[in-house]
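If you want the building blocks of each chain, they are given just below.
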Amino acid sequence: MQWIDFQKTMHQRSIFSELDETQKQARNFNLRGHSLIRGVAGSGKSLVLQQRVKKLVEEKFDRILVLSYNRYMQGWIESNLTYPVECSTFHRWAFQNFQYRYVSDRARESRQKLIELAHQSDLNYQAILVDEAQDFYDEWFQALLKVLDRQTNSLFFVYDNTQSVYGQEHRRRSGWSWAKLGIDVVGRSQIFDLNYRNSPEILELAWKFIQPALAKAEIKIEKRENSPSIDKLIEPKKKASRSSGISPLLVQIESEKIAIEIANQVKTALESCAKSSIGILFHSGDEKARAIKTQISKELFRLGVSHHAPMTSSERDKNFTARSSVLIDSWNAAKGIEFDAVIIVLAEISEEFEEQAGLYTAMTRAKDHLVFVYENRSGIVDILEDILTSPDQLSES
């Protein structure tokens, strides 16, 4: 059985590039002061951030800093910017300027020290833009405010708390606000609820999967029309025209055949349309993942399929989000980017919200094709099977 036939989804290949009215409003917020976007997965948050950079440059802002959490997202943003701006992950920027290391995240004292170092520095940016803001520590924002030009005070950030895979759970609690960090976005915030990226079939599955985790974490959900408060999540809307009628697929394979079968399926899929992107994603905490990742890479190499399978963080320092690309990596590393097709190698995950959000995020990387591969039946497989036969829930646009 062929898992992925890109010929069946070629009519969906029109790349979303024009901003809708809601997105234009957000891009055009006053360039001075603080502004935010909170939006569902695939709603164009990063695209608007790019457009915002363009607007800043056109208005003669210089010393512009664009930050993301992960390296792939940085690569994607940087590859789409043709303007003289500084683009980095937060960790890289903080290490280069203050010798702040990734391990420093664990200690509140170290994060507080970063604020002091930023305050004492000579850094001064006329504008700072932050993608994946849900993963940034409070102290990171407070440090950034210390290096932001007081005359322009231009801070623009985008986030989705449904994709909070690195903690910051306090921002999902009632009573929390950005004002606690000295960030004032009153009158300069926007909500994006329309998902452009995922087919309705993929979005329905992902949303129904994450709902029990949201309920367990006592996270409330509201529709955009109700202007939900900052501690509530936004229910996404699906775009009916994105449907190809192709449902996500569950495939059981014997352990010793997983790498061979995935590699063969990737080759077959690319034969249906070579100009396609495929993500093969694993749970970062799966002990078997590294071995399977290596095996898949070897099989793809044997089949002559160009791909990227980074084994260290430094090997993620490129833009691997172009249309023609195959990436093998953890789903946390792939946050923020998208693929025409995603193959997820399932592993048991805990009931912690961050774990559930990781798998949800992996699902929403897929634009048109989503395949789950598993060796043995498990609770997660049963859940996904039940969801695939359940009635639709989301509103259409």
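Each remark here, short or long, concerns the structure printed above.
Residues numbered from 1 in each chain as written. Predicted model: local features only at pLDDT ≥ 70, side-chain atom pairs only at ≥ 80, totals over all residues. Heavy atoms only, no water.

(A) Summary view of the nonpolar core. Membership of the largest hydrophobic core comes to 63 residues, with the highest contact counts inside it found for V66, I344, L346, L359 and M363. Sorting elements by how many residues they give to this core places helix α7 (residues 200–216) first, with nine residues. Excluding residues within four positions of it along the chain, V66 makes contact with L49, V53, I77, L81, V85, E86, C87, S88 and L129. (Core = buried A, V, L, I, M, F, W, Y, C linked by side-chain atoms within 4.5 Å. Buried < 20%, exposed > 50% of the residue type's maximum accessible area, 1.4 Å probe, protein only. Helix = DSSP H or I, 4+ residues; strand = E, 2+ residues; numbered from the N terminus. Contact = heavy atoms within 4.5 Å.)

(B) Fine view of the pairing of strand β3 (residues 86–89). As judged from the four bridges shared by strand β2 (residues 64–68) and β3, these two strands associate in the parallel manner. For S68, the partnering residue across the bridge sits in β3 and is T89. Taken together, β2, helix α3 (residues 71–79) and β3 form a β-α-β motif whose crossover is right-handed. (Pairing = 2+ DSSP bridges. Right-handed = clockwise from strand over helix to strand, strands pointing away.)

(C) Spotlight on helix α5 (residues 108–120). With 13 residues, α5 should reach 18 Å at 1.5 Å per residue; the first-to-last C-alpha distance of 19 Å fits that figure. For α5, the set of buried residues is R111, L114, I115 and A118. In an axial view of α5, the angular spread of the buried residues amounts to 100°, which keeps them on one side of the axis. Along α5, exposed side chains directed more than 90 degrees from the buried face belong to E109 and Q120. Those residues of α5 that are buried are in contact with α4 (90–98) and α6 (138–146). (Expected span 1.5 Å × (residues − 1). Arc of directions from axis to C-beta.)

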